[in-house]
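The lines below spell out each chain.
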Amino acid sequence: MASGGVKLNSASITILCWITILGFAQCQKIPSLQIMPAASVQRKPVGNSLLLTCRPDVPDSTLISDLRWSDSRNMTIPPKATKYYYPQFDSKGRKLPAKAGQSSPPIYTESIAGGQALALLFNSLQESMAGVYYCAASYSVTEQLAASVLVETYVAITWKDAPEDQRPILGEDYIVRCEVYANPPATVDWLRDGDPIKSSGRYVIENRGLLIRNVSESDDGLYTCRAAVISTGELAKRVIRVEVQIKPEVQQLPTVLNAVEGQSFSYLCNATGKPVPEFQWIKKSTQQNVADIDRFSVNALTGQLDISRVEQDDHDTYTCVAKNAAGISESTTKLNVLIRPKIIEFMNITVPEGQEAVLACRAFGRPPPEITFRRYGTTEEYRVGLQVSDDRIVLDMQENAERSETIGNLRISQLDKTDDGLYDCIARNPGDVAYKVGHITVEYKPNFDHLKALPPVYTWEQRPANLSCFAQAIPNATIEWRWNDRRVADLYDINMKIEEQGFRSDLIITPREHRYYTSYKCVATNRLGRDEHVMELREARIPEAVAQAKPRSVSATSMTFDIIPPAFEKGLPITAMSVQYKEEFNPDWNTAMNRTWSPDSPYIVEGLRPQTSYSFRFAARNVVGLGPWSAYVVHSTPKRSEPETPKTLHTPIQEEDEEDDAIVASPYADHFELRWNVPVDNGEPINFYRVKFCPGSKVNGVWTELEGACLEEDITTTTHYEMRDLQADTYYRIELLAHNAIGFSRPAHLLLKTARGIDVVLRVDDRALSSAAVIGIVVGCVLLLLLVIDILCCLIGNLGLLAMMCRRTKRSPSDLGDEEKLGSLYGWRFPLPYCSGSLIKERPPSPSPLPPPIVKLGATTPIDDEKQPLNTLPDVGGKMNSSVEFDGRGVQIRSGEIIGKNSAV
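Per an unreviewed UniProt entry, the protein goes by Neural cell adhesion molecule and derives from Aedes albopictus.

Undergrad: Looking at this model, I keep getting lost on the sheet that holds strand E45 (residues 548-554). Mind explaining?
TA: Think of a sheet as strands paired side by side through backbone hydrogen bonds, with each pair either parallel or antiparallel. Within the open sheet, the 3 strands sit side by side as E45-E46-E49. Their pairing is antiparallel. Sheet topology places E45 and strand E49 (603-606) at the edges, where each strand pairs with a single neighbour. The mean angle between the axes of side-by-side strands here comes to 30°, regardless of whether they run parallel or antiparallel. Where E45 and strand E46 (residues 558-564) come together, 6 bridges link them in antiparallel fashion.

Undergrad: Could you clarify how one ought to interpret empty space enclosed by the protein in this entry?
TA: Over the atoms rolls a probe the size of a water molecule, and its path tells where empty space is left. Tallied over the full model, the rule gives 2 cavities of 30 Å³ or more. By volume, the second largest cavity is sized at about 40 Å³. In terms of lining residues, the second largest cavity is bounded by Leu 257, Phe 265, Tyr 267, Trp 281, Leu 305, Tyr 318, Thr 333 and Leu 335. If you list the elements that add at least two residues to the lining of the second largest cavity, you get strand E20 (265-268) and strand E27 (327-346). Here the residues of the lining of the second largest cavity are counted per class, giving 7 nonpolar, 1 polar and no charged.

Undergrad: Is there a simple way to think about the state of the cysteines in this case?
TA: As used here, a disulfide is simply a covalent bond connecting the sulfur atoms of two cysteines. A full pass over the atoms with the stated rule returns 6 disulfides. The side chain of Cys 178 participates in a disulfide bridge whose partner is Cys 225; the two sulfur atoms lie 1.9 Å from each other. Here Cys 178 and Cys 225 share a disulfide; its torsion about the S-S bond, -85°, makes the bridge left-handed. Separated by 47 residues along the polypeptide, Cys 178 in the loop between strand E10 (174-177) and strand E11 (179-183) and Cys 225 in strand E16 (residues 221-229) bring together distant segments of the chain. Summarising the burial analysis for this pair, Cys 178 and Cys 225 share the class buried.

Undergrad: How do you make sense of the UniProt feature "transmembrane region" (unreviewed entry) in the protein when you look at a structure like this?
TA: In the numbering used here, UniProt assigns the "transmembrane region" (unreviewed entry) feature to residues 773-802. Within residues 773-802, the helical portion is 93% and the strand portion 0%, while the C-alpha atoms at the span's ends are 29 Å from each other.

Undergrad: Please clarify how the sheet that holds strand E15 (residues 209-212) should be interpreted in this entry.
TA: Judged by pairing direction, the sheet is antiparallel, and its 3 strands sit side by side in the order E10-E15-E14 without closing on themselves. Lying at the two open borders of the sheet, with one neighbouring strand each, are E10 and strand E14 (203-205). For this sheet the average axis-to-axis angle between neighbouring strands, irrespective of direction, equals 25°. With 3 bridges connecting them, E14 and E15 associate as antiparallel partners. Looking at E15, one finds that Ile 205 is bridged to Leu 210.

Undergrad: Would you mind going over the packing of aromatic side chains with me for this structure?
TA: Each aromatic ring pair is described using two quantities: the centre-to-centre distance and the angle formed by the ring planes. In this structure the tally under the stated criterion is 17 aromatic pairs. When the ring of Trp 597 is compared with that of Tyr 603, the centres are 5.3 Å apart and the planes differ by 55°; the resulting orientation is tilted. Accessibility expressed as a relative area gives 0% for Trp 597, which makes it buried. Among the aromatic residues, those joined into a ring-pair cluster are Phe 561, Tyr 581, Tyr 614, Phe 616 and Phe 618. Residue placement shows Lys 417 over the ring face of Tyr 444; its charged tip is 4.9 Å from the ring centre.

Undergrad: Honestly, a nonpolar patch on the surface in this entry has me stumped. Any pointers?
TA: Together, Val 774, Ile 775, Val 778, Val 779, Val 782, Leu 783, Leu 785, Leu 786 and Ile 789 make up an exposed nonpolar region whose accessible area comes to about 790 Å². Along the chain, the position of Val 774 falls in helix H2 (residues 771-797). Val 774 sits in the partly exposed class, given a relative accessible area of 39%.

Undergrad: Teacher, can you tell me more about the pattern of salt bridges here?
TA: It is possible for side chains bearing opposite charge to pair when their charged atoms get close. What the rule picks out here adds up to 47 salt bridges. The closest approach of N and O atoms between Arg 374 and Asp 424, which form a salt bridge, is 3.1 Å. Residue Arg 374 is located in strand E30 (residues 370-375), and its partner Asp 424 is located in strand E34 (residues 421-429); the two are separated by 50 residues in the primary sequence. Asp 424 carries the same exposure label as Arg 374, and that label is buried.

Quick notes on the rules
Residues numbered from 1 in each chain as written. Predicted model: local features only at pLDDT ≥ 70, side-chain atom pairs only at ≥ 80, totals over all residues. Heavy atoms only, no water. Pairing = 2+ DSSP bridges. Helix = DSSP H or I, 4+ residues; strand = E, 2+ residues; numbered from the N terminus. Axes fitted to C-alpha atoms, helices over the stretch in contact; angles between N-to-C directions. 1 Å grid on protein atoms, 1.4 Å probe; cavity = no way out; pocket = protein on both sides within 12 Å on 5 of 7 lines; lining within 4 Å. Points joined across faces, edges and corners; volume = space filled by probe spheres on them. Nonpolar A, V, L, I, M, F, W, Y, C, P; charged D, E, K, R; others polar. Disulfide = S-S within 2.5 Å. Buried < 20%, exposed > 50% of the residue type's maximum accessible area, 1.4 Å probe, protein only. UniProt positions renumbered as here; feature names shortened; annotations may be inferred. Phe/Tyr/Trp six-rings, centres within 6.5 Å; stacked < 30°, edge-to-face > 60°. Lys NZ or Arg CZ within 6 Å of the ring centre and 35° of its normal. Patch = residues over 30% accessible without salt bridge, like charges linked within 9 Å, V, L, I, M, F, W, Y side chains within 5 Å. Areas by Shrake-Rupley, 256 points an atom, 1.4 Å probe, with all protein chains shown as cover. Salt bridge = Lys/Arg side-chain N within 4 Å of Asp/Glu carboxyl O.

What follows is the structure in structure tokens.
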């Protein structure tokens, strides 16, 4: 080469030549077919889809023709639009069954990339589709191109029989199912709570699953079935919940259940099991589920059988069936329908006295009822056989099981009148009790036992008398009256009249002559016999003279008498006692005072004058009239003095060694209400009472008081006093005195013992206002309000009471009556300053002296000097009559005429 250029030696030229040759060779590409994916073996699980693409790799793709896919049998696989292709042989050369009814071909080809490639599509790989698949084509007409790929399939882990919830039965062997299918085959192991289970003892791993021997409740839980294919590396788990079930077991039913006809019936069938069993009741005779029968209902969850109304046809055998997924259990019982007893015959009987009475009672029921009897209104029943309390009475009973009837006979021999009356027949069986009332009527001859104790009949002054006669008899008796052994009805005497009043007969006698005061005979007759009763009519007279009367206690203003009344005849009692009394030196009994007492009241004369001598005379009264005055007594009243000793109204308790003072017990520990009677005031009214009480003790008969602990209080308006703030379980000595203008009475003493204080009622220290005080305050407020309103009306409109009183004061003196004139004398004491609208500044002159006050007898004003004469009553010009009656609680005094109690005069 020229100088300045590059010189190449032979070696370099050689290398350049080779490079040029190699590049040219590469530019000359060899035609071929490529299958994508590029791996020569395609391993896929059964059921998956697969796409294989065959693409020519040639210099000129337009020279490719007849591009196709074929299987290992050189069967061309058509495209989708043509007839479907189905493999006829599996990978091992075994002929496959024909496929029909496919909606889409399992294997087909499809041109893609604008015709430059051909795809082979497997919709769902099956084991039979495994094998070699070929892709072939012609290039430039003369050159044949080919490529192949091996398709291998395997079966993924499939849970063939492995339910997620399985329920073994208690006490049985059970296989927890877990069957796995895989190709290549999978290995299976078991876990519980994360821990592996090994085949040993109660657990055995089998191909079908895990065998558990003799299942117990502890086998409940979650089990894991784990499958693995080592060659593919596939691992799958199935969690299985195992819940042990228990077969139901029905609690044994009673052999017989009793139900009462016409009533409702319920019975609970109990059973155990897991899950909770459902119940049915089956009627044996018809094999019906009783839930489908009218009147029956069954609670399938609790097993309760209900019959709304039991009928005779329900008498049958019934089976209680309990069923759950683990099994079935049943128990049988007989329903015995009881028929409530019914008394179908119980007749009243009538039997003469002295004979035998048979009271028969017939009753029906299932089972046949037992029959007893009893007297109506009593609880004691007669028992079968001879009665211990009365050997005349025998009860026998005959039972007829076929007819379900029982007949009971109550036999009473030697029947007596006392056996007459109502009797209960009682029929009872397990279903119920029935009652029915029957009557035994005892017939007997007439008798007058009820009239024998009656007194004679009295009358006087020709007043009509009524002799009533009625006999006790069954049947009723006829009555006949006889006088001197002659029938009154045959005498036709106008002074005798017979009136019939049913079973009673009245003989009305008007005794116009003395001969009618005699005996009369009443004769009663019935078919069993007769009886007679003598009744006497007597003439009544006034009482005899009072035998004796003498003063028992005397005070300045009263006297109490002991009176011995005269003897009286039976049927003509004393109805009242009367007294007349006057001052001794008054000779006229016509001016005497009168007082009448009932016979059972205290004979007390009150309202007497102190230091006065009185004459008394007494008489007895009956229905005829007042007897003669007799039993004259002269006695003087003492001078006025202090009151008598008051008497406490408490019942003492009995204790030993207490001779002086009575002891009373308080039911309370902290208070006690002392009550007493008003004593005689002895001429001067009592103005207050003094109560003194001291705590202390009595030792060896000597009372010792606690110093400084005594309380004393005066009571002016009542005869009771409440002692407060007492100590529990303590003795108190109470002293009670009455006071008048003369002085204090002798004290009444009482020992009080308070309660122990276990149930002490706490009391408020401050005394609350009583209800009377509250009412008084309210009334005062109302009156004050009315007064204010009246004053305002007077000032504003000249209205109201004050205005009216002002107008009346302006009338002339001649218009005033005597009462108003007398009232005006007091006007200065109660000035009315608001009537004229201004206050009265000067007091009016004093009026004339006031008249002396009227003083009631026995209630005079206290006088310091005993010698001062008593104020007397104004002379009313006549005598005052009064009567005194004692009602058991107090003496009642009435003024007026002296009329005997219940007097007919």
